[in-house]
Amino acid sequence: MSLHADESKHISFSLSQIERLCQVAKALSSPLRVKMIGLLASRSMNVNELAEALSMPVSTAALNVLQLEEAYEFYKEDPAFQQELTALLNDYAGRPSRL
């Protein structure tokens, strides 16, 4: 299976790479997890600190951190996948929406 960036470019992902892409996309689809990434980008925090900063139960924060960790593991496993995903994102960055 492959994804087409446009008529002149062809980016192919293997089945395992598609599964990785879905896992990463799923992790980033939550506004809460994106907020967590933003907080963690500024400083190191443990789950208790994240839960407090986001006014949520520790158990909720822990489950969301786990999803982010799993997605990162999928992402870092395959350097070729990282390059293809970066190329795909760079190709679409800055393009006007087609909606």
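Thresholds applied
Residues numbered from 1 in each chain as written. Predicted model: local features only at pLDDT ≥ 70, side-chain atom pairs only at ≥ 80, totals over all residues. Heavy atoms only, no water. Helix = DSSP H or I, 4+ residues; strand = E, 2+ residues; numbered from the N terminus. Contact = heavy atoms within 4.5 Å. Areas by Shrake-Rupley, 256 points an atom, 1.4 Å probe, with all protein chains shown as cover. Core = buried A, V, L, I, M, F, W, Y, C linked by side-chain atoms within 4.5 Å. Buried < 20%, exposed > 50% of the residue type's maximum accessible area, 1.4 Å probe, protein only. Expected span 1.5 Å × (residues − 1). Arc of directions from axis to C-beta. Axes fitted to C-alpha atoms, helices over the stretch in contact; angles between N-to-C directions. Left-handed = near helix turned anticlockwise from the far one by under 90°. Nonpolar A, V, L, I, M, F, W, Y, C, P; charged D, E, K, R; others polar.

Our next topic: the overall build of the chain. Along the chain, the regular secondary structure elements total 5 helices and 2 strands. Ordered by position in the sequence, the α and β elements of the chain form the string β-β-α-α-α-α-α. For the chain, restricting intrachain contacts to residue pairs at least 6 apart in sequence, the fraction spanning at least 24 positions comes to 51%. When the accessible surface of the chain is split by element, carbon and sulfur atoms take 59% of a total near 6900 Å².

What follows concerns the nonpolar core. Core analysis: the largest hydrophobic core is formed by 12 residues, namely Val-24, Ala-27, Met-36, Met-45, Leu-50, Ala-51, Leu-54, Met-56, Ala-61, Val-65, Leu-68 and Ala-71. At the level of secondary structure, the elements contributing two or more residues to this core comprise helix H1 (15-28), helix H3 (47-53) and helix H4 (58-76). Ranked by the residues each element gives to this core, the list is headed by H4, at 4 residues. If near-sequence neighbours (up to four positions away) are discounted, Met-45 is found in contact with Leu-39, Leu-40, Leu-50 and Ala-53. In terms of nonpolar packing, the next biggest core, distinct from the first, is built from 5 residues, Phe-13, Phe-81, Leu-85 and Leu-88 among them.

Here we come to H4. Count 3.6 residues to each turn of an α-helix, and residues three or four apart come out pointing the same way. With 19 residues, H4 should cover 27 Å at 1.5 Å per step; its first-to-last C-alpha distance of 27 Å lies within 8% of that length. Considered for burial, the residues of H4 that qualify are Ala-61, Asn-64, Val-65, Leu-68 and Ala-71. Along the axis of H4, the buried positions cluster into a sector of 125 degrees, meaning they face one direction only. Opposite the buried face of H4, by more than 90 degrees, sit the exposed residues Ser-59 and Leu-63. Buried residues along H4 sit in contact with H1, helix H2 (31-42) and H3.

Packing of H1 against H4 brings their axes to within 9 Å, and their N-to-C directions diverge by 150 degrees. Remark: the crossing between H1 and H4 carries left-handed chirality. Between H1 and H4, the contacting residues are Arg-20, Gln-23, Val-24, Lys-26 and Ala-27 on the first element and Gln-67, Leu-68, Glu-70, Ala-71, Phe-74 and Tyr-75 on the second. Residues that form the contact of H1 with H4 fall into these classes: 6 nonpolar, 2 polar and 3 charged.

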